[in-house]
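Report on the structure
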Amino acid sequence: MSTVEKEWPLYEVFVRGKRGLNHVHVGSLHAADDRMALLHARDVYTRRNEGVSIWVVRADAIAASSPDEKDPMFAPSGDKVYRHPTFYDIPDNVPHM
Amino acid sequence: MTLTETAPGASEADLERQFEATIARHDRIEPRDWMPEGYRRTLVRQIAQHAHSEIIGMQPEGNWITRAPSLRRKAILLAKVQDEAGHGLYLYSAAETLGVSRLELTELLLAGRQKYSSIFNYPTLSYADVGTIGWLVDGAAICNQVPLCRTSYGPYGRAMIRVCKEESFHQRQGYELLATMMRGTDEQRAMVQESVNRFWWPALMMFGPPDADSPNTAQSMAWGIKRNTNDELRQKFVDMSVPQAEALGVTLPDPELRWNEERGHHDFGQPDWEEFMEGVKGNGPCNAQRMAHRRRAHEEGAWVREAATAYAAKQRGAAS
Amino acid sequence: MDDHVHTTPEDEHDSAYSGLLVNDAHWAFGAAPVPDGHGEDPLAGVDTTIPDGVDAATLATYALMLGDDALVMSHRLSEWTSNAPDLEDDIALSNISLDLLGQARLLLARAAKADASVVPVLPEGSPVPPEDALAFFREAQDFRNVRLAELVNGDFAEATVRVLLFSTWRLAIFERLRASRDHVLAAVAAKGVKELAYHRDYSARWFVTLAQGTDESRRRLLAALDLLWPLWPELFDTHAFEAAAAAAGVGVDPTSVREAAEGVLEQVLAAADVPRPEAPRRVGVLGRTGRDGMHGEPLGRMLAEMQSVARAHPLGQW
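Residues numbered from 1 in each chain as written. Chains lettered and ligands numbered in written order. Predicted model: local features only at pLDDT ≥ 70, side-chain atom pairs only at ≥ 80, totals over all residues. Heavy atoms only, no water.

**Let's talk about the overall build of chain C**
Within chain C, the regular secondary structure consists of eleven helices and zero strands. Secondary structure elements of chain C, listed N to C terminal, follow the sequence α-α-α-α-α-α-α-α-α-α-α. In chain C, which comprises 318 residues, the share counted as buried stands at 58%. Taking the intrachain contacts of chain C between residues at least 6 apart in sequence as the baseline, contacts between residues at least 24 apart amount to 77%. For chain C, the exposed area adds up to about 11800 Å²; of that, 54% sits on carbon and sulfur atoms. (Helix = DSSP H or I, 4+ residues; strand = E, 2+ residues; numbered from the N terminus. Buried < 20%, exposed > 50% of the residue type's maximum accessible area, 1.4 Å probe, protein only. Contact = heavy atoms within 4.5 Å. Areas by Shrake-Rupley, 256 points an atom, 1.4 Å probe, with all protein chains shown as cover.)

Below you can see the structure in the form of structure tokens.
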């Protein structure tokens, strides 16, 4: 369906609500680069609360395990956060490279 | 975690048993768990419809941002519509954990293959509608959505917890606007009553058709995706709204509305389900307008999204 | 984890209301009933005494200028709601709009408090607060905003360039305004600096992204820059009221921040590999521009829409 337009990178967002706590996964968003992902994360998930620490990481940079890992059925996407391979259809070959 | 690990080569039947056991324990299903295709499809449909509703729902209220009658009201309304964009984003994020992208879902919406809540096909015709939407529409949404915080799919439930917290603020700001207007001029009071007259029945429709006509409810409840039937939630909403309307000083436009001592609930009339079905089929008062708006915004944004994608690719190319 | 992620115990969900408005301030939108600074009286608790030796009309007019810039720019950005390229930017643009609206409220309230004669007179018994009387009951020629703020919206490149120019200039002014002898202006500036730094960062990122993205995005960005560039010099003109406010130690002479603002802009242009435009400045009418109340045609139409409900109900309660 979306043959022409590709989606920009997906970032996972982790927020430390206050000092002394761990960063916790709160959701995801799309951004062109790390800096924009941070700006958007502040907007979307913390409404730019000054005291909050945010991590953003590209979803395709996360390796994950799962209880079903040994199941060969899902081996192709075994190290991804989400198990559907189509999910990672982010273009590496756009014309302007 | 009491889940026993799946042995290599586990059969589909084993996986399904494990899934059913997780549901039976009221435990959450998480993104990388095995799930029946029907469960996944139902979830994608429901989460997407919900996300689309948030995004389309920005339009009827957004219609009044530029005409808000005080700077304070303008700030509140702008913040509220912004929240709806945020809710849409949380929900698309939850759907993305099921292997569909926001872009795909948006295209399904624009192709008419996924729906959004019919309530947003009604027009907003006065500033009182901003209040009425907050009070009745967001109130109905809360009744629908609070049980979803316990839905069986983890990312959806977590998104709903955030959504519900904010919706409650939305309902209160709407009610507070109406209460303030009711303390104002006669014209303002009439404006509030007229708005409530228009939105009461559509708000009741938000819970979906009567249970007898809702074929998907049983399976969704068995899977823990849905937690209450349409009629249960509708009753709860009516019982909740009656005292609020009294406190406000408005009349709910239903001659059949009365307290039933025996049932411990209010009896009430049925909305016009034919009009509802027309709206679902795309013939509501604003369906075409809402879709055209969404399509235009999406198409006008294409070059920006392409630029961001190209820029991101260049940055990666430069870094590696 | 529970005290900030707020996973409500299951049975609490049986009531539609219980447990929803918990005060976990670190979560988006959930905490305050109204966003920060958007309560009833924007100046509640602030020292509004006029500093010694400052002319009230000068202070009021100066506050109106900065307030109108924010009000009009905020309004234009609010028109982006549900129209942005994607959700992240819809949210970002409304955030910028909300920040500026918050600044406008404080500044209009400051103007009214400093000199009540700037506030339009409403029918007796009208409950309309001064900030709203100023926003909704003045005519276009009484607005003192720069013309850059009032233009009809174009595409996203136009919004990007407009926010970049506006926030670069305004941030440079606010950085100095923090030292204002007027407590209110100093407080508005101190809060505004953080907001404007974000606006500038956001628009500068997009400026570079669009410049370096595709041929199409670069073409649109350059077109937007050419379109808006003629209004850039007007931002650094010194109006008589600005000169007086600066001399009294309550305001900032825009000319004095030109170098700083240009320096920032040069950096962004360099990072984006975009040449500085050469288009000449846009003249005014008989020498008068936005600060004098001389605007383009779109402002009147914008105000007609913005003021319609408020003016239809001058005795209304909102």
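Having seen it, we continue.
**Some details on the confidence of the model for chain A**
Residues and elements named next belong to chain A. Residues at a pLDDT of 70 or more form 58% of chain A, whose mean pLDDT is 70. Low pLDDT (under 50) marks residues 69-79, which in the prediction has 21 contacts with non-local residues, meaning those over four places away or in another chain. In the predicted structure, residues 83-97 sits below a pLDDT of 50 and forms 40 contacts with residues beyond four places in sequence or in another chain. (pLDDT = per-residue confidence, 0-100.)

**A few points about the sheet that holds strand β3 (residues 53-58) of chain A**
Hydrogen bonds between backbone groups are what pair the strands of a sheet, and the pairing can be parallel or antiparallel. Residues and elements named next belong to chain A. Here we have three strands laid out as an open sheet, ordered β2-β1-β3, and antiparallel in their pairing. Strands with a single pairing partner mark the edges of an open sheet, and in this sheet they are β2 (24-30) and β3. Going across the sheet, the axis of each strand differs from the next one's by a mean of 30 degrees, ignoring polarity. Bridge count between strand β1 (residues 10-16) and β3: six bridges; the pairing is antiparallel. Bridge pairing links Tyr-11 to Arg-58 in β3. (Pairing = 2+ DSSP bridges. Axes fitted to C-alpha atoms, helices over the stretch in contact; angles between N-to-C directions.)

**Side note on the packing of aromatic side chains**
Residues and elements named next belong to chain B. All told, the structure shown has 17 aromatic pairs over all chains when counted by the stated rule. Judged by centre distance (5.7 Å) and plane angle (20 degrees), the rings of Trp-200 and Phe-237 are stacked. Residue Trp-200 is located in helix α8 (residues 186-205), and its partner Phe-237 is located in helix α10 (residues 230-248); the two are separated by 37 residues in the primary sequence. This pair shows no difference in class: Trp-200 is buried, exactly as Phe-237 is. (Phe/Tyr/Trp six-rings, centres within 6.5 Å; stacked < 30°, edge-to-face > 60°.)

**Observations concerning the packing of helix α2 (residues 56-78) of chain C against helix α9 (residues 240-247) of chain C**
The geometry of a pair of packed helices is captured by two quantities: the angle between their axes and the separation between those axes. All names here are of chain C. One way to put it is that α2 packs onto α9 with a least axis distance of 9 Å and a crossing angle of 115 degrees. The element α2 and its partner α9 pack so that their crossing is left-handed. Between α2 and α9, the residues in contact are Ala-57, Thr-58, Thr-61, Tyr-62 and Met-65 and Phe-241, Glu-242, Ala-244 and Ala-245, respectively. Residue classes in the contact of α2 with α9 are distributed as six nonpolar, two polar and one charged. (Left-handed = near helix turned anticlockwise from the far one by under 90°. Nonpolar A, V, L, I, M, F, W, Y, C, P; charged D, E, K, R; others polar.)

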